[in-house]
Amino acid sequence: DRPHAAARLGGEEFGVLFRAADAGAAQTLADGLCAAIKATPLTLASGGVLALQASGGLAALGEVDDAYRAADAALYRAKQSGRDRVVLAD
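None of these values were measured; they are calculated from a predicted model. (Residues numbered from 1 in each chain as written. Predicted model: local features only at pLDDT ≥ 70, side-chain atom pairs only at ≥ 80, totals over all residues. Heavy atoms only, no water.)

Here we look at a nonpolar patch on the surface
Step number 1: Taken together, Val 16, Leu 33 and Ile 37 make up a surface patch of nonpolar side chains, about 180 Å² in accessible area.
Step number 2: On the secondary structure map, Leu 33 appears in helix 1 (residues 23-38).
Step number 3: In this structure Leu 33 comes out as partly exposed when scored by relative accessible area, which is 35%. (Patch = residues over 30% accessible without salt bridge, like charges linked within 9 Å, V, L, I, M, F, W, Y side chains within 5 Å. Areas by Shrake-Rupley, 256 points an atom, 1.4 Å probe, with all protein chains shown as cover. Salt bridge = Lys/Arg side-chain N within 4 Å of Asp/Glu carboxyl O. Helix = DSSP H or I, 4+ residues; strand = E, 2+ residues; numbered from the N terminus. Buried < 20%, exposed > 50% of the residue type's maximum accessible area, 1.4 Å probe, protein only.)

Written out as structure tokens, the structure is:
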């Protein structure tokens, strides 16, 4: 499945809405997105290569504000636990 929508939230943070039936399917999609980012380094104008990685917070979309807060908290847990991973919201 492809993401339904993606948008920059601010700074280096992006939001992606997945069409997934459950949290497990969404986790698989998010992990795949992180792996694709990591597998696609950025070639700089100078010819150098910049390795990329992504961390993510994953939350079910119910009430938008609640889902955003839950995903944001999960994102910060991902960053605090070493980055380059997706963490599912509580």
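As for the confidence of the model for the protein
Step number 1: The share of residues in the protein with pLDDT of 70 or more is 92%, and the mean pLDDT across the chain is 84.
Step number 2: The secondary-structure element of the protein with the lowest mean pLDDT is strand 1 (residues 5-10), recorded at 78, while strand 4 (residues 49-50) shows the highest, at 96. (pLDDT = per-residue confidence, 0-100.)

Observations regarding the nonpolar core
Step number 1: Formed by Ala 26, Ala 30, Cys 34, Ala 54, Leu 58 and Val 86, the largest nonpolar core amounts to 6 residues.
Step number 2: Not counting the four nearest positions on each side in its chain, Cys 34 is found in contact with Ala 54 and Val 86. (Core = buried A, V, L, I, M, F, W, Y, C linked by side-chain atoms within 4.5 Å. Contact = heavy atoms within 4.5 Å.)

Thoughts on helix 1
Step number 1: Look at helix 1: 22 Å from first C-alpha to last across 16 residues, which is about the 22 Å you get at 1.5 Å a residue.
Step number 2: Among the residues making up helix 1, those that are buried are Ala 26, Gln 27, Ala 30 and Cys 34. Buried residues of helix 1 fall within an arc of 100 degrees about the axis and therefore sit on the same side.
Step number 3: Buried residues in helix 1 make contact with strand 5 (56-58) and strand 6 (86-88).
Step number 4: Structurally, the start of helix 1 carries an N-cap: the backbone nitrogen of Gly 24 is 3.1 Å from a side-chain oxygen of Asp 22. (Expected span 1.5 Å × (residues − 1). Arc of directions from axis to C-beta. Polar contact = N/O pair within 3.5 Å; in protein donor to acceptor, adjacent residues only side chain to side chain.)

A short note on the layout of surface pockets
Step number 1: Empty space within the largest pocket amounts to approximately 1,300 Å³.
Step number 2: As for the largest pocket, its lining consists of 40 residues, and the residues nearest its centre are Phe 14, Gly 15, Val 16, Gly 56 and Gly 57.
Step number 3: Breaking the lining of the largest pocket down by element, the ones donating at least two residues are strand 1, strand 2 (13-17), helix 1, strand 5, helix 2 (64-80) and strand 6.
Step number 4: Among the elements that take part in the lining of the largest pocket, helix 2 stands out by supplying 7 residues, more than any other.
Step number 5: Of the residues assigned to the lining of the largest pocket, the class counts are 29 nonpolar, 5 polar and 6 charged. (1 Å grid on protein atoms, 1.4 Å probe; cavity = no way out; pocket = protein on both sides within 12 Å on 5 of 7 lines; lining within 4 Å. Points joined across faces, edges and corners; volume = space filled by probe spheres on them. Nonpolar A, V, L, I, M, F, W, Y, C, P; charged D, E, K, R; others polar.)

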